Amino acid sequence: MTTDTLSRVFAALADPTRRDMVARLSEGDATVSQLAEPYRMTLQAVYKHLRVLEDAGLVSRPPGRQPRPVRLEVQALDSMDSWIERHRSRVEQRYRRLDAVLVEMRGDEHGRHQGGHHRSGPEAAGDPDDS
């Protein structure tokens, strides 16, 4: 999926009505009338939303007579998921490296505190019982 296509997918999903349509289509195909049922908008407005989803490659409608089912296209979701996971993986690797550095720093700090404690305690002052 090209960056331009990916941009269209994310832009299409920026609208809550279109996200809801995609969520509903994840349960199964639906006609435009079925998709329009829960919304307080004209059928023409629903078609406009579907056109944006189609242009982004998120849904398709087979050619033929009405009513035609609207189908969710999994490839668009897979491509989006791959893009997200690639970046999530990079961020998680950065955090793991940061965690390792912090653990190492805490270990060094803990060692200095323990070492400093022994030197400044009674043992360092020459406890008579040590002789």
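Every value quoted in this text rests on a predicted model; they were computed, and no experiment measured them.

## Quick notes on the environment of Ser60
Structurally, Ser60 can be placed in strand S1 (residues 59-60). For the pair formed by Ser60 and Glu73, sequence separation is 13 residues and the distance between their alpha carbons is 6.8 Å. Apart from the residues lying within four places of it in its own chain, the contact partners of Ser60 are Glu54, Pro69, Val70, Arg71 and Glu73. Within the structure, Ser60 has its side chain in polar contact with the side chain of Glu73 (distance 2.3 Å).

## Focus: the packing of helix H2 (residues 16-25) against helix H4 (residues 43-55)
Running from amino to carboxyl end, H2 crosses H4 at an angle of 75°, the nearest separation of the two axes being 10 Å. With respect to H4, the axis of H2 lies roughly perpendicular. For the pair H2 and H4, contact is made by Thr17, Arg18, Met21 and Val22 and by Val46, His49, Leu50, Val52 and Leu53, respectively. Looking at the contact of H2 with H4, its residues break down into six nonpolar, two polar and one charged.

## Quick notes on the nonpolar core
In this structure, Leu25, Leu50, Leu53, Leu58, Val59 and Val70 are the most contacted members of the largest nonpolar core, which totals 22 residues. Elements with a contribution of two residues or more to this core: helix H1 (3-12), H2, helix H3 (32-36), H4 and helix H5 (74-120). Here Leu58 is in contact with Val9, Ala12, Leu13, Leu53, Arg71, Leu72, Glu73, Ala76 and Leu77, once residues within four sequence places are set aside.

## Considerations on H2
Those residues of H2 not exposed but buried are Thr17, Arg18, Met21, Val22 and Leu25. With its buried residues spanning 140° around the axis, H2 presents them on a single face. Where H2 starts, the residue carrying a side-chain oxygen 2.8 Å from the main-chain nitrogen of Thr17 turns out to be Asp15.

## Looking at a nonpolar patch on the surface
On the surface, Val91, Tyr95, Leu98, Val101, Leu102 and Met105 cluster together into a nonpolar patch covering about 520 Å² of accessible area. Inspection of the secondary structure puts Val91 in helix H5.

## Here's the deal with unusual backbone geometry
A cis amide bond links Gln66 with the next residue in sequence, Pro67, at an omega value of -10°. Inspection of the secondary structure puts Pro67 in the loop between S1 and strand S2 (71-72).

## A closer look at the pattern of salt bridges
Considering all chains together, one arrives at six salt bridges under this definition. A salt bridge links Asp4 to Arg8, with the shortest nitrogen-to-oxygen separation between them at 2.7 Å. Of this pair, Asp4 and Arg8 both sit in helix H1, four residues apart, roughly one helical turn. Take Arg8: its relative accessible area is 35%, and that puts it in the partly exposed class. Each of Arg51, Glu54, Asp55 and Arg61 takes part in one network of salt bridges that share partners.

The rules behind each value
- Residues numbered from 1 in each chain as written.
- Predicted model: local features only at pLDDT ≥ 70, side-chain atom pairs only at ≥ 80, totals over all residues.
- Heavy atoms only, no water.
- Helix = DSSP H or I, 4+ residues; strand = E, 2+ residues; numbered from the N terminus.
- Contact = heavy atoms within 4.5 Å.
- Polar contact = N/O pair within 3.5 Å; in protein donor to acceptor, adjacent residues only side chain to side chain.
- Axes fitted to C-alpha atoms, helices over the stretch in contact; angles between N-to-C directions.
- Parallel < 35°, antiparallel > 145°, perpendicular 65-115°, else oblique.
- Nonpolar A, V, L, I, M, F, W, Y, C, P; charged D, E, K, R; others polar.
- Core = buried A, V, L, I, M, F, W, Y, C linked by side-chain atoms within 4.5 Å.
- Buried < 20%, exposed > 50% of the residue type's maximum accessible area, 1.4 Å probe, protein only.
- Arc of directions from axis to C-beta.
- Patch = residues over 30% accessible without salt bridge, like charges linked within 9 Å, V, L, I, M, F, W, Y side chains within 5 Å.
- Areas by Shrake-Rupley, 256 points an atom, 1.4 Å probe, with all protein chains shown as cover.
- Salt bridge = Lys/Arg side-chain N within 4 Å of Asp/Glu carboxyl O.

Scope: geometric values only; no functional claims are made or implied.
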